[in-house]
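# Structural description and commentary
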Amino acid sequence: MRVVLASLTTTSEGPRRAEALAAVTDLLWAHARPEDGLEHVKPRATDSGIDLYLFVRAEDDGPAVARMRPLLDRARRSIAAQGYRLAAD
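All of the points below concern the structure found in this document. (Residues numbered from 1 in each chain as written. Predicted model: local features only at pLDDT ≥ 70, side-chain atom pairs only at ≥ 80, totals over all residues. Heavy atoms only, no water.)

### Considerations on the environment of R85
In this fold, R85 is placed in strand 4 (residues 84–86). For R85, a relative accessible area of 37% translates into the label partly exposed. Between the C-alpha atoms of R85 and G49, which are 36 residues apart in sequence, the distance is 8.9 Å. Beyond its immediate chain neighbours, meaning those up to four positions away, R85 contacts S7, L8, T9 and T11. (Helix = DSSP H or I, 4+ residues; strand = E, 2+ residues; numbered from the N terminus. Buried < 20%, exposed > 50% of the residue type's maximum accessible area, 1.4 Å probe, protein only. Contact = heavy atoms within 4.5 Å.)

### Observations concerning helix 2 (residues 61–81)
Under the 1.5 Å per step criterion, the end-to-end length of helix 2 is 29 Å for 21 residues, consistent within 8% with the ideal 30 Å. Along its length, helix 2 shows its largest kink, about 50°, at A75. When we look at burial in helix 2, the residues that qualify are A64, M68, L71, L72, A75 and I79. G83 sits one or two positions beyond helix 2 and adopts a positive phi of about 95°. (Expected span 1.5 Å × (residues − 1). Bend = angle between axes of the 7 residues up to and from the residue.)

### Considering the environment of L71
Note that L71 resides in helix 2. Along the backbone, L71 and A45 are 26 residues apart, and their C-alpha atoms lie at a distance of 21 Å. Beyond its immediate chain neighbours, meaning those up to four positions away, L71 contacts L28, H31, A32, D36 and L38.

### Side note on the sheet that holds strand 4
If you walk across this open sheet you meet the four strands as 2-3-1-4, and the pairing is antiparallel. Since the sheet does not close on itself, it has two edges, and those belong to strand 2 (38–45) and strand 4, each with one partner. Strand-to-strand twist across the sheet, computed as the mean angle between neighbouring axes with direction ignored, equals 30°. In this structure, strand 1 (residues 2–10) lies alongside strand 4, joined through three bridges in antiparallel fashion. Counterpart to T10 in the pairing with strand 4 is Y84. (Pairing = 2+ DSSP bridges. Axes fitted to C-alpha atoms, helices over the stretch in contact; angles between N-to-C directions.)

### Section: the layout of surface pockets
Here the largest pocket defines a volume of roughly 160 Å³. Elements supplying a minimum of two residues to the lining of the largest pocket: strand 1 and helix 2. (1 Å grid on protein atoms, 1.4 Å probe; cavity = no way out; pocket = protein on both sides within 12 Å on 5 of 7 lines; lining within 4 Å. Points joined across faces, edges and corners; volume = space filled by probe spheres on them.)

Below, the structure written as structure tokens:
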């Protein structure tokens, strides 16, 4: 198992942090597919948004990151509706 960090930054005065952590986690699970290999999500509030620690079923970091990209792309619009965007965007 590998851990992939995805950082989200806030784009608005969206929901309170506690609500946003749960909502974003739920959105990721709603968009996850078995082939993504997602095992667990641990969200952490930051000063600028949310860090998502994505625990992925993979033997190396490269494949783990490659598996998470499509998942994050699928969830992008839903996450944006919560007032967040991927920091890498």
